[in-house]
Amino acid sequence: MRRVMTLIAVSVLGVALVVAAGALLAPSGDPAPARPAAARGTDPITAAQHRLQRLPRDWTTWAELGMAYVQRARSTGNPADYPLAEQSLDRSLEIRPDRNAAALTGMGALAAARHDFPAALRHGRAAIAVDPYQAAAIGVVADALTELGRYREAFEAIQRMVDLRPDTAAYARASYSWELRGDPGRATGAMRRALDAASATPDILFARYHLGELAFGTGDLAAAAAEFEQGLRLAPENAPLRVGRARVHAARGDTATAVSEYRAVVAADPSPAYATELGDLLSALGQDTAAAEQYTLAEAGWATQRGGGVPPEPDAVLFAADHGDRAALGRARQLYAARPSIAAADALAWALRAAGRPAEALRRADEALRLGSRDALLHYHRGMILADLGRDEPARAALTTALRLNPHFSVRHVPLAKAALTSGRR
């Protein structure tokens, strides 16, 4: 899921470029002159606000302001910018209600950032109806279809995006499509192209991080470390890259460095996912009290998200299932009903297993692997479910596959997989 949401962040950058360029194609009517070079500053929100003081009916700048708010919310994790984004995009559509592809694309990106993927699909398709050649709108549609589990349509949209505008956003989506289909070689090749096409620092960091993740996912620690370090040379405090480096340290047995790195990241960015990873590492080291503190921090973060109306996420469901939260199954069903993706099917399978329903769990675990994913965690989940059903041979095969794909896939679950293989039980 984190991969999809960072794709959405790249989409936001792509939409911002379309909005800025849209002024060049503006029809007669309300003013939408090209933004002068002097207005291009490091803060797009301030630049747009200044321009709107002079041209309050500049619908392209209203759309640009809305996208800038979406991007800032994605970057900071602060949803307070989303209402401001919506107001700005609504204002653009109020001034220019017809043929306003930029604002419609922005509304799609905003809906995706809020995890309302049916709305994202609706807005993205509306933008494409206005401008069939707007690659950013096609990217919004591709993201929505991916999260809704409509992969054939999603892959077709991604191919069209690559054909129209082969840039970082397009190649990143192509990479993810190959990853979902179990082809890490093609996924890495597409992400290399994303890196080659990147010029802005956020796009470069995005590509470096995911190249590192792809390498880590195949157990290639040296290649993963090299990608993370390359990115950190540009942005030493980048949280995803630092977490990637921490995973490599932990996998290599340098747990003291890994814990130090994780703690520094969580202190600056108390993301529930990061706190969970740190908690799992501390638990593996026998530091149960310290681990419990991180798990409490993670649960508080996800509770805040739920309180703010954010729908359940796969990571949150997996956490709840791992920690005996009886609400896990209900949240998993809610997630799957809203968007029956591979990640949602896997989360539902794991929650069903935690609830003592392994037969139902196996159906969802099989569904999660329907595209041929080589994600070790998905194979591990299926293996443990098979073990619960007493199907020892296929359980051993699935667990062996998980460890062969990536012997470092989880500090929490790798020891459990090895123990299950040794004992023949979960």
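All figures in this text were calculated on a predicted structure; none of them were measured in a lab. (Residues numbered from 1 in each chain as written. Predicted model: local features only at pLDDT ≥ 70, side-chain atom pairs only at ≥ 80, totals over all residues. Heavy atoms only, no water.)

1. Structural notes on the overall build of the chain
Argument step 1. Secondary structure assignment for the chain yields 23 helices and 0 strands.
Argument step 2. Within the chain, contacts between residues at least 6 apart in sequence are counted, and of these 55% link residues at least 24 apart.
Argument step 3. Within the structure as shown, the chain displays about 18,100 Å² of accessible surface, and the carbon and sulfur contribution to it stands at 53%. (Helix = DSSP H or I, 4+ residues; strand = E, 2+ residues; numbered from the N terminus. Contact = heavy atoms within 4.5 Å. Areas by Shrake-Rupley, 256 points an atom, 1.4 Å probe, with all protein chains shown as cover.)

2. Regarding the environment of P394
Argument step 1. Relative to the helices and strands, P394 resides in helix α22 (residues 392-405).
Argument step 2. Expressed as a C-alpha distance, the spacing of P394 and G383, which sit 11 residues apart in the sequence, is 7.3 Å.

3. Focus on helix α15 (residues 272-284)
Residues separated by three or four positions in an α-helix point in the same direction, a consequence of the helix having 3.6 residues per turn.
Argument step 1. For α15, spanning 13 residues, the distance from its first C-alpha to its last is 18 Å, which sits close to the expected 18 Å at 1.5 Å a residue.
Argument step 2. Most of α15 sits inside the fold, with 11 of its 13 residues counted as buried.
Argument step 3. Residues P272, A273, Y274, A275, T276, E277, L278, G279, D280, L281 and L282 constitute the buried set of α15.
Argument step 4. Directly after α15, the chain includes G286, whose backbone phi takes a positive value near 85°. (Expected span 1.5 Å × (residues − 1). Buried < 20%, exposed > 50% of the residue type's maximum accessible area, 1.4 Å probe, protein only.)

4. Things to note about unusual backbone geometry
Argument step 1. We note that R99 has phi near 55°; this positive angle belongs to a residue other than glycine.
Argument step 2. By the secondary structure assignment, R99 is in the loop between α4 (81-95) and α5 (101-113).
Argument step 3. Judged by its relative accessible area of 58%, R99 is exposed.
Argument step 4. For H115, which is not glycine, the phi torsion reads 70° and is therefore positive.
Argument step 5. For H115, the location among the structural elements is in the loop between α5 and α6 (117-130).

5. Some remarks on helix α10 (residues 184-197)
Argument step 1. Helix length check: α10 (14 residues) gives 20 Å between terminal C-alpha atoms against 20 Å at 1.5 Å per residue, within 8%.
Argument step 2. Of all the residues in α10, the buried ones are A187, A190, M191, A194 and L195. Down the axis of α10, the smallest arc covering the buried residues is 150°, so these residues share one side. Counted as exposed and oriented over 90 degrees from the buried face of α10: G185, R193 and D196. (Arc of directions from axis to C-beta.)

6. Regarding the packing of helix α3 (residues 59-76) against α4
Argument step 1. Their axes nearest at 8 Å, the elements α3 and α4 cross at an angle of 165°. On the basis of their axis angle, the class for α3 and α4 is roughly antiparallel. The element α3 and its partner α4 pack so that their crossing is left-handed. Contacts between α3 and α4 involve W59, W62, A63, L65, G66, Y69, V70, R72, A73 and R74 from the first element and D81, Y82, L84, A85, S88, L89, R91, S92 and I95 from the second.
Argument step 2. Grouping the amino acids of the contact of α3 with α4 by side-chain chemistry returns 12 nonpolar, 3 polar and 4 charged. (Axes fitted to C-alpha atoms, helices over the stretch in contact; angles between N-to-C directions. Parallel < 35°, antiparallel > 145°, perpendicular 65-115°, else oblique. Left-handed = near helix turned anticlockwise from the far one by under 90°. Nonpolar A, V, L, I, M, F, W, Y, C, P; charged D, E, K, R; others polar.)

7. Quick word on the environment of P83
Argument step 1. Counting through the fold element by element, P83 comes out in helix α4.
Argument step 2. Linking P83 and L110, residues 27 residues apart in sequence, is a C-alpha distance of 9.6 Å.

8. A word on the packing of aromatic side chains
Argument step 1. For the structure on display, the rule yields 6 aromatic pairs.
Argument step 2. When the ring of Y151 is compared with that of F155, the centres are 6.0 Å apart and the planes differ by 35°; the resulting orientation is tilted. A residue pair is termed a helical-turn pair when its members lie 3 or 4 positions apart in one helix, as Y151 and F155 do in helix α8 (residues 151-164) at 4 residues.
Argument step 3. Judged by relative accessible area, which is 6%, Y151 ranks as buried.
Argument step 4. Ring pairs connect the aromatic residues Y295, W302 and F319, which therefore count as one cluster.
Argument step 5. The aromatic ring of F155 is capped on one face by R181, whose charged end is 4.0 Å from the ring centroid. (Phe/Tyr/Trp six-rings, centres within 6.5 Å; stacked < 30°, edge-to-face > 60°. Lys NZ or Arg CZ within 6 Å of the ring centre and 35° of its normal.)

9. Points about the side chain of R208
Argument step 1. With respect to the secondary-structure elements, R208 resides in helix α11 (residues 201-217).
Argument step 2. For R208, a relative accessible area of 18% translates into the label buried.
Argument step 3. Beyond its immediate chain neighbours, meaning those up to four positions away, R208 contacts R192, L195, E227, Q230, G231 and L241.

10. Section: the nonpolar core
Argument step 1. Core analysis: the biggest nonpolar cluster contains 67 residues, and M191, Y380 and F409 have the highest contact counts within it.
Argument step 2. In terms of residue count, the dominant contributor to this core is helix α19 (residues 342-354) (9 residues).
Argument step 3. Among the nonpolar cores identified, the runner-up in size contains 40 residues, and V70, A73, I95 and L104 belong to it. (Core = buried A, V, L, I, M, F, W, Y, C linked by side-chain atoms within 4.5 Å.)

11. Thoughts on the pattern of salt bridges
Argument step 1. Considering all chains together, one arrives at 31 salt bridges under this definition.
Argument step 2. Across the salt bridge formed by R150 and E153, the nearest N and O atoms sit 2.9 Å from each other.
Argument step 3. Owing to a relative accessible area of 31%, R150 belongs among the partly exposed residues under this scheme.
Argument step 4. When the shortest N-O distance is used, the salt bridge between E299 and R306 registers 2.8 Å.
Argument step 5. Through salt bridges that share partners, E229, E237, R242, R245 and E261 make up one connected network. (Salt bridge = Lys/Arg side-chain N within 4 Å of Asp/Glu carboxyl O.)

12. Some thoughts on the confidence of the model for the chain
Argument step 1. For the chain, mean pLDDT is 90; residues scoring 70 or higher make up 89% of the total.
Argument step 2. Taken together, the stretch residues 16-41 has pLDDT below 50 and engages in 39 contacts with residues farther than four places along the chain or on a different chain. (pLDDT = per-residue confidence, 0-100.)

13. A few points about the packing of α10 against α11
Argument step 1. Orientation of α10 relative to α11, taken along the N-to-C sense of each, is 160°, at an axis distance of 9 Å. Accordingly, the angle class assigned to the pair α10 and α11 is roughly antiparallel. The element α10 and its partner α11 pack so that their crossing is left-handed. Contact with α10, carried on its side by A187, T188, M191, R192, A194 and L195, involves I204, F206, A207, R208, H210, L211 and L214 of α11 and no other residues of that element.
Argument step 2. Here the residues of the contact of α10 with α11 sort into 9 nonpolar, 2 polar and 2 charged.

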